[in-house]
Amino acid sequence: MRTQVGIVGAGPAGLMLSHLLHLEGIESVVLEDRSREYVENRVRAGVLEHGTVKLLEETGVGDRLAREALVHSGLELRFDGEGHRIDLSGLTGGKTITIYGQQEVVKDLIAARLRDGGDIRFEVSDVRLDGLTTDAPRIAYTHEGRTQELECDVIAGCDGYHGVCRDAIPAGVLTGFDRTYPFGWLGILAEAPPSSEELIYTYHDRGFALCSLRSPRLSRLYLQCRPDEDIDEWPDERIWEELRTRTATHDGFVLNEGPVIEKLVAALRSYVVEPMQYGRLLLAGDAAHIVPATVAKGLNLAVADVRVLAAALVQFFGSGKTDLLERYSETCLERVWRVQHFSWWMTTMLHRFDPDDRYQQRLQISQLRYVTSSTAAATTLAENYVGLPL
Ligand SMILES: Cc1cc2nc3c(=O)[nH]c(=O)nc-3n(C[C@H](O)[C@H](O)[C@H](O)COP(=O)(O)OP(=O)(O)OC[C@H]3O[C@@H](n4cnc5c(N)ncnc54)[C@H](O)[C@@H]3O)c2cc1C
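The structure displayed is predicted, hence computed values, not measured ones.

Chemist: Sorry, what's going on with the overall build of the protein here?
Modeler: Check the secondary structure of the protein and you find 12 helices and 20 strands. Its C-alpha radius of gyration of 22 Å places the protein within 12% of the 21 Å reference for a compact globule of 390 residues. Expressed as a percentage of its 390 residues, the buried residues of the protein come to 56%. The long-range share in the protein, meaning contacts at least 24 apart out of those at least 6 apart in sequence, stands at 71%.

Chemist: Just to check I follow, could you spell out the sheet that holds strand β12 (residues 154-157) for this structure?
Modeler: Strands in a sheet are paired, the pairing made by backbone hydrogen bonds, and the direction either parallel or antiparallel. In space, the six strands of this open sheet follow the order β8-β2-β1-β12-β19-β18, with mixed pairing throughout. The open sheet terminates on both sides in strands that have one partner only, identified here as β8 (119-121) and β18 (277-278). Relative to β12, strand β1 (residues 5-8) runs parallel, the two being bridged by four bridges. Residue pairing for β12: Val 8 is matched across the bridge by Gly 157.

Chemist: Help me out: how do you make sense of the site of the ligand in this one?
Modeler: Around the ligand sit 30 residues, and of these Glu 32, Arg 42, Gln 102, Asp 286 and Leu 299 come closest. One of the backbone N or O atoms of Ala 13 is found 2.9 Å from an oxygen atom in the ligand. Here Gly 298 contributes a backbone N or O atom positioned 3.0 Å from an oxygen atom of the ligand. Here the ligand has 990 Å² of accessible area as a free molecule, and 86% of this is covered by the chains. Of all elements in the fold, only α1 (12-23) and α8 (298-319) reach the threshold of two or more residues within the shell around the ligand. Take the shell around the ligand: its biggest share by element is four residues, from α8. Here the residues of the shell around the ligand are counted per class, giving 13 nonpolar, nine polar and eight charged.

Chemist: What exactly am I supposed to notice about the packing of aromatic side chains here?
Modeler: Centre distance and the angle of the planes are the two values used to describe a pair of aromatic rings. Under the counting rule described, the total for this entry stands at 11 aromatic pairs. Here the aromatic rings of Tyr 161 and Tyr 271 are separated by 5.7 Å at their centres, their planes lie at 80°, and the arrangement is edge-to-face. Taken as a pair, Tyr 161 in the loop between β12 and β13 (175-190) and Tyr 271 in strand β17 (residues 260-274) lie far apart in primary sequence, 110 residues in all. For Tyr 271, a relative accessible area of 15% corresponds to the buried category. Three or more aromatic residues joined by ring pairs form one cluster here, namely Trp 185, Tyr 201, Phe 208, Tyr 222, Phe 342, Trp 345 and Tyr 385. One residue, Arg 34, lies across the ring of Tyr 38, its end atom 4.2 Å from the ring centre. Sitting over the ring of Tyr 385, Lys 297 keeps its end group 5.7 Å from the ring centre.

Chemist: Hey, could you run me through the packing of α1 against helix α6 (residues 102-115) in this one?
Modeler: The description of two packed helices rests on the angle between their axes and on the distance between the axes. For the pair α1 and α6, interaxial distance at closest approach is 10 Å and the crossing angle is 35°. Taken as a pair, α1 and α6 cross one another with a handedness that is left-handed. Counting all contacts with α1, which are made through Pro 12, Leu 15, Met 16, Ser 18, His 19 and His 22, the residues of α6 involved are Gln 102, Val 106, Leu 109, Ile 110, Ala 112 and Arg 113. Considering only residue class, the contact of α1 with α6 consists of seven nonpolar, four polar and one charged.

Chemist: Even after reading the chapter, I still don't get the pairing of β13, so can you show me in this structure?
Modeler: Within a regular beta strand, the side chains point alternately toward one face of the sheet and then the other, so they alternate between its two faces. Of the strand pairs in this sheet, β13 and β17 are connected by 13 bridges, and their pairing is antiparallel. When the bridges of β17 are listed, Gly 187 appears paired with Leu 264. Bridge analysis of β13 against strand β16 (residues 218-225) gives seven bridges, and the strand direction is antiparallel. Looking across to β16, one finds that Ile 188 is bridged to Leu 221.

Chemist: What is the right way to read the environment of Gln 361 from this model?
Modeler: Mapped onto the fold, Gln 361 is located in helix α11 (residues 358-371). In contact with Gln 361, other than residues within four places in its own chain, are Tyr 203, Arg 352, Asp 354, Pro 355 and Asp 356. From its side chain, Gln 361 meets the backbone oxygen of Asp 354 in a polar contact 3.4 Å long.

Chemist: Mind showing me how you'd approach the environment of Ser 212 here?
Modeler: You can see Ser 212 is positioned in strand β15 (residues 209-215). Exposure remark for Ser 212: the relative accessible area of 6% places this residue in the buried category. The spatial distance from the C-alpha of Ser 212 to the C-alpha of Leu 199 is 5.0 Å, given a sequence separation of 13 residues.

Chemist: Where do I start with unusual backbone geometry in this structure?
Modeler: Apart from glycine, the bulk of residues carry a negative phi angle, and the bulk of peptide bonds sit in the trans form. Here the amide bond leading from Glu 274 into Pro 275 is cis, since omega sits at -10°, within 30 degrees of zero. Of note, Pro 275 is situated in the loop between β17 and β18. In this structure, Glu 144 is a non-glycine residue whose phi angle is positive, near 50°. A positive phi angle, close to 55°, is found at Ala 296, a residue other than glycine. Relative to the helices and strands, Ala 296 resides in the loop between β20 (289-290) and α8. In this structure Ala 296 comes out as partly exposed when scored by relative accessible area, which is 23%.

Criteria and thresholds
Residues numbered from 1 in each chain as written. Predicted model: local features only at pLDDT ≥ 70, side-chain atom pairs only at ≥ 80, totals over all residues. Heavy atoms only, no water. Helix = DSSP H or I, 4+ residues; strand = E, 2+ residues; numbered from the N terminus. Rg over C-alpha atoms; globule rule 2.2 N^0.38 Å. Buried < 20%, exposed > 50% of the residue type's maximum accessible area, 1.4 Å probe, protein only. Contact = heavy atoms within 4.5 Å. Pairing = 2+ DSSP bridges. Near = heavy atom within 4 Å. Polar contact = N/O pair within 3.5 Å; in protein donor to acceptor, adjacent residues only side chain to side chain. Areas by Shrake-Rupley, 256 points an atom, 1.4 Å probe, with all protein chains shown as cover. Nonpolar A, V, L, I, M, F, W, Y, C, P; charged D, E, K, R; others polar. Phe/Tyr/Trp six-rings, centres within 6.5 Å; stacked < 30°, edge-to-face > 60°. Lys NZ or Arg CZ within 6 Å of the ring centre and 35° of its normal. Axes fitted to C-alpha atoms, helices over the stretch in contact; angles between N-to-C directions. Left-handed = near helix turned anticlockwise from the far one by under 90°.

What follows is the structure, encoded as structure tokens:
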């Protein structure tokens, strides 16, 4: 079998790339190791940047989002028992963030690709890449019990952090940069209406807490915890009590509670590989970089990468020119590092590091006071949060 672009992974990166290429008349085949049902129900990200939403709308996959998503024009930073609103919209010329689950984006993209005759193969296994430095790289895989080979002009590695594409690049080519934080997040999804219309980021002596949401009926709540925290030591009531303590305000904030339907402990980690390409293999999304969930950027970065990649491929297939493709990694990495910095900055400002480091705690409070009182500082937060232009 032959196609122009072989895409490994049907997450937001792979599906969006396939969709953008289709709109430009470029063929692709998407290979995914999980089932359709699994990827459509994998709950992960939920906060979309302004530019991500615009791209979904402009490319015809924003109808359901326009009907069902929740649009936020601000967020709250809470410390010393008081909330301070950051007016994201007012500080960025009207830009907003949108709450719409990653699984819904994935459903919409799969529906659009299948409606347009797209080729997505679910439940493939043994994906192996070959001939990456030739003009005809190949992907071998097993599907429905048969070994198959897909010959391509270009391969897009959109298979996430644990995928196989990054590892197909010979040792010594890539440089990895990483940062592991000395804490993790204990997260719950609860059947409780959000306690606030906007997200609340709380700095507290006992550690960070985040009140987020997935819908008008579902709250997503997080607590800073040890990276190796044993979830069994956290019965629901202990979680609620800790959340109540950390989010309490002098004016009597009430945390809405309800049945916990999901519980997880996640490490907070950043990782970037450079370059994001090797021969005819281009990495996009989590396959090339991850960020801690603090500022909800992973999905948005994945979409930004494939937008750059689609433009480069349009040039390549249209005129044979390769300059955009050659600069793909360089172009993406500029945004990737900006997001890495923003995510590190917010994570560092809001989390408790060494409980005995009173110097750092004073710095954090000073920074929080500055961000919530200076328009210049708040604007820096706001424009990075809603997302810099694509
Ligand atoms: C709990 C959690 C909460 C998060 N919250 C947020 C948030 O609020 N905002 C945000 O922006 N980001 C968030 N993220 C990050 C975000 O979900 C990711 O950045 C995003 O999924 C990246 O998309 P992707 O397409 O690059 O990778 P993925 O979504 O990981 O997709 C990769 C796909 O490749 C498939 N695959 C893997 N290996 C193979 C293989 N060998 N062969 C074929 N297919 C393969 C996988 O099954 C998957 O479908 C969160 C992540 C987690 C885990």
